[in-house]
Amino acid sequence: ISTQDLAGRRVVITAGPTREALDPVRYLSNHSSGKMGYALAAACAARGAQVTLVSGPVALATPPGVARVDVLSACEMLAAVEAALPCELFIGCAAVADYRAASVAEHKLKKGDDTSGMTLELVRNPDIVATVAARSERPFCVGFAAETQALETHAGDKLSRKRLDLIVANDVSQAGLGFGSDDNAATLLWREADAVRRQALPPQPKTALATAILDHLVTRLP
Ligand code: C5P
């Protein structure tokens, strides 16, 4: 039995990729497996939290004691998150597609008779974690930053731009870590007395990393 240090806390977590339809048979998406978000949901529930997991399409079982809401697109994910609020802790772990098709074709898109390419018109998706963090009654907001270069600079920018309380930065260019794998390493970044503070978490299974992230989080929750 783990410590019940999240007993009675309401937690909303996004996980997995989003899937943005182009036509009835095609979509834009990414390689997110959902493992990190699901590990966090399982760890929060084991520590006594009331967890809503808003999940994109993944091949994972719902962790015990977790209320799961399945969505496809970023817009659906935002609507499901807003319906699950208020909460005390929001963790945006999903790999949300930055863009969606400007219009979804009603019928299957056909290729032209010639060999020329085609141009898709895309529009920006809403930023879910930034939308939650901008609310007046806001939960403690945690974001993730998957970077391939200048990890701490980019993650620090996201921390301020999205008005997050904590960002979990991970280097997805390291072989065997991050996207799709069972292991991950991360640096936690947060702001304290006008300075950005950091704590490095070594490579470990995502389940152990979820516990390490929560151990840090529980000390900082209001
Ligand atoms: O800007 P970037 O996509 O790298 O930021 C990653 C963080 O922002 C993650 O926490 C992710 O879940 C969140 N995000 C979001 N909505 C988006 C894009 C990213 O919630 N449209």
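Named according to an unreviewed UniProt entry, the protein is Coenzyme A biosynthesis bifunctional protein CoaBC originating from Salinicola endophyticus.

1. Quick look at the site of the ligand
For the ligand, the set of nearby residues contains 13 residues, the closest of which are G92, A94, P126, F144 and K158. Here an oxygen atom of the ligand sits 2.4 Å away from a polar atom, N or O, in the side chain of K158. Coverage of the ligand by the protein chains reaches 87% of its 440 Å² of free accessible surface. Residue composition of the shell around the ligand, grouped by class: seven nonpolar, two polar and four charged.

2. Quick word on the pattern of salt bridges
Scanning the entire structure with this criterion turns up eleven salt bridges. For R47, the salt bridge is made with D215, and the minimal N-O distance between the two is 2.8 Å. Taken together, the residues span a long stretch of sequence, with R47 in the loop between α1 (35-46) and β4 (50-55) and D215 in helix α5 (residues 206-220) at a distance of 168 residues. With a closest N to O distance of 2.2 Å, R198 and E152 form a salt bridge. Of this pair, R198 sits in strand β12 (residues 195-205) while E152 sits in helix α4 (residues 151-161), and the two are 46 residues apart along the sequence. A relative accessible area of 44% places R198 in the partly exposed class. Salt bridges here are not isolated pairs; linked through shared partners, they connect D5, R47 and D215.

Definitions and limits used
- Residues numbered from 1 in each chain as written.
- Predicted model: local features only at pLDDT ≥ 70, side-chain atom pairs only at ≥ 80, totals over all residues.
- Heavy atoms only, no water.
- Near = heavy atom within 4 Å.
- Polar contact = N/O pair within 3.5 Å; in protein donor to acceptor, adjacent residues only side chain to side chain.
- Areas by Shrake-Rupley, 256 points an atom, 1.4 Å probe, with all protein chains shown as cover.
- Nonpolar A, V, L, I, M, F, W, Y, C, P; charged D, E, K, R; others polar.
- Salt bridge = Lys/Arg side-chain N within 4 Å of Asp/Glu carboxyl O.
- Helix = DSSP H or I, 4+ residues; strand = E, 2+ residues; numbered from the N terminus.
- Buried < 20%, exposed > 50% of the residue type's maximum accessible area, 1.4 Å probe, protein only.

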